[in-house]
Amino acid sequence: MNYETTPERLEKRIFKAVGQAVTEFKMIEEGDNIMVAVSGGKDSWVMLSVLNDLQKRAPVNFEIIAVNLDQGYDGFETHIIEDYLIAQKIPYHMAEKNINKIVQEKNSEGSTWCSLCSRLRRGTLYGLAEKLGCNKIALGHHQDDMIETLLLNAFFIGKLGSMAPKLKADDGKNTIIRPLIYVLESEIREYTKIKGFPVVCCQCPLMCGETVHGDYKRRRIKGLIKQLEAEIPDIRNSLLASLKNVNPTHLLDSQLWKF
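Small disclaimer: the values here were computed from a predicted structure and weren't measured. (Residues numbered from 1 in each chain as written. Predicted model: local features only at pLDDT ≥ 70, side-chain atom pairs only at ≥ 80, totals over all residues. Heavy atoms only, no water.)

Undergrad: Explain the sheet that holds strand 2 (residues 62-70) here, please?
TA: Two orientations exist for strands paired in a sheet by backbone hydrogen bonds: parallel and antiparallel. Strand order in this open sheet of six strands is 3-2-1-4-6-5, and the pairing throughout is mixed. Edge positions in the open sheet fall to strand 3 (92-96) and strand 5 (166-168), since each of these has one partner strand only. Averaged over all neighbouring strand pairs, the angle between strand axes comes to 25°, with direction disregarded. Here three bridges tie strand 5 to strand 6 (residues 175-177), and the two strands are oriented antiparallel to one another. By the bridge assignment for strand 6, Lys 166 is matched with Ile 177. (Pairing = 2+ DSSP bridges. Helix = DSSP H or I, 4+ residues; strand = E, 2+ residues; numbered from the N terminus. Axes fitted to C-alpha atoms, helices over the stretch in contact; angles between N-to-C directions.)

Undergrad: Just to check I follow, could you spell out helix 2 (residues 42-57) for this structure?
TA: Because an α-helix completes one turn every 3.6 residues, residues spaced three or four positions apart along the sequence face the same direction. End to end, helix 2 covers 23 Å across 16 residues, agreeing with the expected 22 Å (1.5 Å per residue, within 8%). Among the residues making up helix 2, those that are buried are Asp 43, Ser 44, Trp 45, Val 46, Met 47, Leu 48, Ser 49, Val 50, Leu 51, Asn 52 and Leu 54. For helix 2, the secondary structure elements touched by its buried residues are helix 1 (7-24), strand 1 (32-37), strand 2, helix 3 (78-87), strand 4 (136-138) and helix 7 (185-195). (Expected span 1.5 Å × (residues − 1). Buried < 20%, exposed > 50% of the residue type's maximum accessible area, 1.4 Å probe, protein only. Contact = heavy atoms within 4.5 Å.)

Undergrad: Explain the nonpolar core here, please?
TA: Side chains of a nonpolar character, in soluble globular proteins, are inclined to be buried together. Ranked by size, the top nonpolar core spans 48 residues in total, and within it Ile 14, Ile 28, Ile 34, Val 36, Trp 45, Val 46 and Leu 48 carry the most contacts. Leu 69, Ala 129, Cys 134 and Ala 169 belong to the second-largest nonpolar core, a separate cluster that totals 15 residues. (Core = buried A, V, L, I, M, F, W, Y, C linked by side-chain atoms within 4.5 Å.)

Undergrad: I tried to follow the pattern of salt bridges on my own but got confused; where do I start?
TA: Between side chains of opposite charge, a pair can form when the charged atoms approach closely. Tallied over the full model, the rule gives 16 salt bridges. Close ionic contact of Lys 173 with Glu 130 constitutes a salt bridge, the shortest N to O distance being 3.4 Å. Of this pair, Lys 173 sits in the loop between strand 5 and strand 6 while Glu 130 sits in helix 5 (residues 113-131), placing them 43 residues apart in sequence. Taken together, the salt bridges that share partners define one network made up of Lys 42, Asp 43, Glu 148, Glu 185, Arg 189, Arg 218 and Lys 222. (Salt bridge = Lys/Arg side-chain N within 4 Å of Asp/Glu carboxyl O.)

Undergrad: Could you clarify how one ought to interpret the pairing of strand 2 in this entry?
TA: A regular strand carries its side chains on alternate faces of the sheet. Burial runs high along strand 2: eight of the nine residues are buried. Where strand 1 lies against strand 2, six bridges are found, and the strand directions are parallel. Following the sheet pairing, Ala 37 is matched in strand 2 by Val 67.

Undergrad: Would you take a moment to explain helix 6 (residues 143-157) for this structure?
TA: Taking 1.5 Å as the rise per residue, helix 6 with 15 residues should run 21 Å; its terminal C-alpha atoms sit 20 Å apart, in good agreement. Along helix 6, 11 of the 15 residues are buried, which leaves the element largely enclosed by surrounding structure. The set of residues buried in helix 6 consists of Gln 143, Asp 144, Asp 145, Met 146, Ile 147, Glu 148, Thr 149, Leu 150, Leu 151, Leu 152 and Asn 153.

Undergrad: How should the side chain of Asp 32 be read in this particular structure?
TA: For Asp 32, the position within the fold is in strand 1. Since its relative accessible area comes to 4%, Asp 32 is described here as buried. For Asp 32, the side chain forms a polar contact with the side chain of Lys 136, separated by 2.7 Å. Beyond its immediate chain neighbours, meaning those up to four positions away, Asp 32 contacts Met 27, Asn 61, Phe 62, Glu 63, Asn 135 and Lys 136. (Polar contact = N/O pair within 3.5 Å; in protein donor to acceptor, adjacent residues only side chain to side chain.)

Undergrad: What am I meant to see in a nonpolar patch on the surface here?
TA: A contiguous nonpolar patch, built from Phe 155, Phe 156 and Ile 157 and spanning about 330 Å² of accessible area, is present on the exposed surface. Looking at where Phe 155 falls in the secondary structure, it is placed in helix 6. (Patch = residues over 30% accessible without salt bridge, like charges linked within 9 Å, V, L, I, M, F, W, Y side chains within 5 Å. Areas by Shrake-Rupley, 256 points an atom, 1.4 Å probe, with all protein chains shown as cover.)

Undergrad: Is there a simple way to think about the environment of Phe 259 in this case?
TA: With respect to the helices and strands, the residue Phe 259 is situated in the segment after helix 9 (235-242). You can call Phe 259 exposed: its relative accessible area is 65%. As for Phe 259 and Thr 249, which are separated by 10 residues in sequence, their C-alpha atoms are 8.3 Å apart. Residue contacts for Phe 259: discarding those within four places in its chain leaves Thr 249, Leu 251, Leu 252, Asp 253 and Ser 254.

Undergrad: Explain the pairing of strand 3 here, please?
TA: Here strand 3 shows one buried face, formed by His 93 and Ala 95, and one open face, formed by Tyr 92, Met 94 and Glu 96. Relative to strand 3, strand 2 is paired through five bridges, and the arrangement is parallel. If you follow Ala 66 over to strand 3, its bridge partner there is Tyr 92.

The following block contains the structure:
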């Protein structure tokens, strides 16, 4: 974080940011059954914690169920996740699908590892939501994910777009919500330390351990933003604000504006 704060102020800031996002984009409504995707990472733990607290004092009635997906990577300590959910008395469901095996097979044919894994994981979550009677799926993408995706799309794909805060899923049955879109990754990291959430990595060889490769392009963008932040301290908030301040007449898309 770029400002001095206390644990209490940090928690208040995170809860306020989530409340703003939920209200602004009507993410949670009366009678919702929300499947909270819990990977075991810091983002999903913070999201689950805030939604669990929000459920107790929100003006609308809704249910949540934490869902963890074991993707078949050796060493994934799902018992740590399950033990914590039991201790917190949060409804949960542990699921398994050997996405690792599928990706390994397809990857030999030249498929992109991360994108294929993401599609398989997303499809599995859609199926689980239907099975569990959930009409919404909460994902833990945060403010940094939003602005990084904006730049990734502009730099490498040639389009203006980021992540939708709320959208109808590809299957047309579920609605995806992202309650953390106004929360910085640095705030999530600090709050995770304060709360002592049991962070567990899925053991994907590209994303876990000391030899993390991950998404090179995203890491490059993340580094670029950090570098520019030294000269432009408010760059993250400015980039996020640009997503809410779109002027179609100053773009070149003839579908948005009839020139």
